[in-house]
Amino acid sequence: MSQHSGFSLLDKHLSALPVSLRESILQRLRHSLYYQPVIGIMGKTGAGKSSLCNALFSGTPCAVSDVDACTREPQRLTLTAGAHTLTLMDLPGVGESQARDAEYEALYQRLLPELDLILWLIRADDRALVADEHVYHHILKARHAPHPTILFVLSQADKIAPSLTWDSVNQQPSAQQQDTLQRKINTVAAGFQVSPAQVIAISAPSGYQMPALVEAMIYALPRYASSQVYAHINIACRTDMAIDKAKDDFGDTVTDIVEWAVGSVPLPDAVKVLVQSVKNTVKRVAKSLWVWFFG
């Protein structure tokens, strides 16, 4: 089914509303559907940004590359999936000279408002976290303003000690590695002063924990952006939990749009009551049409 058909069905369930109000709702919904999320990618050289992106997103292989030490600007890559676009922004600064802190603080001050989510990659076997923690505590958080949700991704989990015990048949860590990974998760969480739930250990080439990362991403994203990001997720990384959350977010977004429309213009009380009566129906219909827009 086409997006046009989806709009027609939503329009049908809004038919009881005044024409001008209905058109305002549908116009805002179209704008929301084509929202272009931006995900920031951070991490030192060799953290595995390209491998992660290639495994996580479908379509053309990701060209995100390590930022040269002389580059002050981020590298951007726009991915396309049908009518939806997603921008990946490779943010510089981690592991570079502290002499540039002021420059990067200004850079983040300018760029962070664009981002819907940050994936911060750290190699699972990397014991030198001072540079990452410095950027986080003294540059990124120095903005003294809310920043996008950050998920800390421990990449290359298969290389964690003892690496030779990795279960290559089931593509998962051995009991010894799992114990080491959990300790590393706790260490990272403590160092960045975040919940251990924000730290996910993965192995991109093997697919280990990639679906879990997708679920964490969908739950962390603003609800107006989760479905648009999900449209780009590699099929192998998708889960029922993630798609259910994206559908709920889309339904809530449509409800937000209806409420915005009601509050944007003076309406008779009778019309406001009518809007409230159709709001839940429209949310349910929007969720049922989710696959038409994002599937």
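Cut-offs and rules
- Residues numbered from 1 in each chain as written.
- Predicted model: local features only at pLDDT ≥ 70, side-chain atom pairs only at ≥ 80, totals over all residues.
- Heavy atoms only, no water.
- Disulfide = S-S within 2.5 Å.
- Buried < 20%, exposed > 50% of the residue type's maximum accessible area, 1.4 Å probe, protein only.
- Domains from an automatic or database assignment.
- Phe/Tyr/Trp six-rings, centres within 6.5 Å; stacked < 30°, edge-to-face > 60°.
- Helix = DSSP H or I, 4+ residues; strand = E, 2+ residues; numbered from the N terminus.

For the chain, the name recorded in an unreviewed UniProt entry is G domain-containing protein, with Serratia oryzae as its organism.

1. Remarks on the state of the cysteines
For the structure on display, the rule yields 0 disulfides. You can see C237 has no disulfide; the closest cysteine sulfur is in C53, sitting 12 Å from it. On the accessibility criterion, C237 (5% relative accessible area) is buried.

2. What about the domain arrangement of the chain?
Here the domain parsing of the chain yields domain 1 (3-33 + 249-294) and domain 2 (38-220). Centre-to-centre separation of domain 1 and domain 2, based on C-alpha positions: 37 Å.

3. Brief notes about the packing of aromatic side chains
A ring pair, where both rings are aromatic, is described by two values, the distance of the centres and the angle of the planes. Per the stated rule, a full pass over the model turns up 13 aromatic pairs. Here the aromatic rings of F152 and F192 are separated by 4.4 Å at their centres, their planes lie at 35 degrees, and the arrangement is tilted. Of this pair, F152 sits in strand β5 (residues 150-155) while F192 sits in helix α6 (residues 175-192), and the two are 40 residues apart along the sequence. For F152, a relative accessible area of 0% puts it in the buried group. Here the aromatic residues Y230, F250, W290, F293 and F294 are joined through ring pairs into a cluster of three or more.

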